[in-house]
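So the chains spell out like this:
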Amino acid sequence: MKLLYQTHSPYARKALVFAHEVGLAGVIEVVNHETSPVRRNQAVFAANPLGKVPVLLRPGLSALFDSDVICAYLDTLHDLTSLFPSTGEARWAALRMQAAAQGMADAGIALRWETVRRPQAQRYPALAEGHAGKLIAAYDWLEAELSDPGPLHIGHIAVATALDWLEFRSLSDFRKGRPTLTRWFDDFARRPSMLATPLSGETQD
Ligand SMILES: N[C@@H](CCC(=O)N[C@@H](CS)C(=O)NCC(=O)O)C(=O)O
């Protein structure tokens, strides 16, 4: 399988960290691509009509996108403990945490458009403030949610990769006044899956 990837994408890294966690990194070839809504990447569009990474190319089967779908698919390919709890409140808690992490990455990208990516004259400070506020609220929510994190699941991988990217882009400080979240993240960041997939590079618009 090939993973259309980007070394500075929180979503692509989430899929790759997931692959490491379930022992599948060795069967995935990582292929780097630069993507931006203002700079069309034909190879990525050929596999994903949204032109976004990550995309998982499967021999003889259709391409899969986005990171939520890729992780759910990879979870069906291994014999270790599933990282998607299958029943009860544990399932909804894991999926809800993944949704929060996706929203954090989305808000972070939107915030970057309003602060560094969009030409200065087209930036809208109220929108930047609104997205920054979502990040603060999500960090506060995680501070409570991660007081008892339980066994590893998809939500943890999504949150750790989102937080690491937010910190990498210096978007907002999740650490200040949040000792539980800080401790949990620092522990998670030492996992081999995280160490094997460092963030690097600049967005190319
Ligand atoms: N919900 C998608 C988001 C993917 C996404 O936004 N990827 C970015 C890279 S960080 C991208 O390729 N953006 C290009 C674009 O928006 O056209 C996922 O989880 O995979």
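Criteria and cut-off values
Residues numbered from 1 in each chain as written. Predicted model: local features only at pLDDT ≥ 70, side-chain atom pairs only at ≥ 80, totals over all residues. Heavy atoms only, no water. Helix = DSSP H or I, 4+ residues; strand = E, 2+ residues; numbered from the N terminus. Near = heavy atom within 4 Å. Polar contact = N/O pair within 3.5 Å; in protein donor to acceptor, adjacent residues only side chain to side chain. Areas by Shrake-Rupley, 256 points an atom, 1.4 Å probe, with all protein chains shown as cover. Nonpolar A, V, L, I, M, F, W, Y, C, P; charged D, E, K, R; others polar. Pairing = 2+ DSSP bridges. Right-handed = clockwise from strand over helix to strand, strands pointing away. Expected span 1.5 Å × (residues − 1). Buried < 20%, exposed > 50% of the residue type's maximum accessible area, 1.4 Å probe, protein only. Phe/Tyr/Trp six-rings, centres within 6.5 Å; stacked < 30°, edge-to-face > 60°. Domains from an automatic or database assignment. Contact = heavy atoms within 4.5 Å. Buried area = accessible area lost by both parts, 1.4 Å probe. Salt bridge = Lys/Arg side-chain N within 4 Å of Asp/Glu carboxyl O.

Undergrad: Just checking my understanding: could you explain unusual backbone geometry for this structure?
TA: Of all residues except glycine, most have a negative phi; of all peptide bonds, most are trans. Cis geometry is found at the peptide bond from Val-53 to Pro-54, where omega equals 10°. Secondary-structure assignment places Pro-54 in the loop between α2 (42-47) and β3 (55-57).

Undergrad: Before we go on, may I ask you to explain the site of the ligand in this structure?
TA: What surrounds the ligand is a group of 13 residues, the closest being Thr-35, Val-53, Asp-66, Ser-67 and Gln-102. One of the side-chain N or O atoms of Thr-35 is found 2.7 Å from an oxygen atom in the ligand. In this structure, Val-53 approaches the ligand through a main-chain N or O atom, which is 2.8 Å from a nitrogen atom. The protein chains hide 85% of the 510 Å² of surface that the ligand would expose on its own. Along the lines of polarity and charge, the residues of the shell around the ligand split into five nonpolar, six polar and two charged.

Undergrad: How should the pairing of strand β1 (residues 2-5) be read in this particular structure?
TA: Side-chain positions along a regular strand alternate between the two faces of the sheet. Relative to strand β2 (residues 29-32), β1 runs parallel, the two sharing four bridges. From the neighbouring strand, Leu-4 faces β2, where its bridge partner is Val-31. Note on the crossover from β1 through helix α1 (residues 10-21) to β2: the handedness is right-handed.

Undergrad: Could you clarify how one ought to interpret helix α6 (residues 154-168) in this entry?
TA: It helps to recall that an α-helix has 3.6 residues per turn; residues three or four apart then point in one direction. Taking 1.5 Å of rise per residue, the 15 residues of α6 would be expected to cover 21 Å, and the 21 Å separating its terminal C-alpha atoms lies within 8% of that figure. Within α6, 13 of the 15 residues are buried, leaving the element largely enclosed by the surrounding structure. Among the residues trailing α6, Ser-170 stands out with phi positive, at a value near 50°.

Undergrad: Any chance you could explain the packing of aromatic side chains here in plain terms?
TA: Remark: the centre distance and the inter-plane angle together describe each pair of aromatic rings, the angle taken between the planes. On inspection of all chains with the given rule, the structure shows four aromatic pairs. Taking the centre distance of 6.1 Å and the plane angle of 65° together, the rings of Tyr-139 and Phe-174 count as edge-to-face. Placement of the pair is Tyr-139 in helix α5 (residues 125-145) and Phe-174 in the loop between α6 and α7 (179-188), with a sequence separation of 35 residues. Accessibility expressed as a relative area gives 0% for Tyr-139, which makes it buried. The class of Phe-174 is buried, set by a relative accessible area of 0%.

Undergrad: Help me understand the domain arrangement of the protein, please; the structure alone is not making it clear to me.
TA: Domain parsing of the protein yields domain 1 (2-74) and domain 2 (88-191). The partner domain 2 presents 18 residues to the 14 residues of domain 1 that form the contact. Taking both sides of the interface into account, the surface hidden between domain 1 and domain 2 amounts to around 1300 Å²; carbon and sulfur atoms contribute 61%. Where domain 1 touches domain 2, the interface holds two salt bridges. Note that Arg-191 and Glu-21 form a salt bridge whose closest N and O atoms lie 2.8 Å from each other. Taken together, the connections running from domain 1 to domain 2 amount to six residue pairs in polar contact (both at pLDDT 80 or more). Elements represented by at least two residues in the side of domain 1 that touches domain 2 include exactly α1 and α3 (67-74). Top element by residues in the side of domain 1 that touches domain 2 is α1. It accounts for seven residues. Looking at the side of domain 1 that touches domain 2 residue by residue, the class counts come to seven nonpolar, three polar and four charged.

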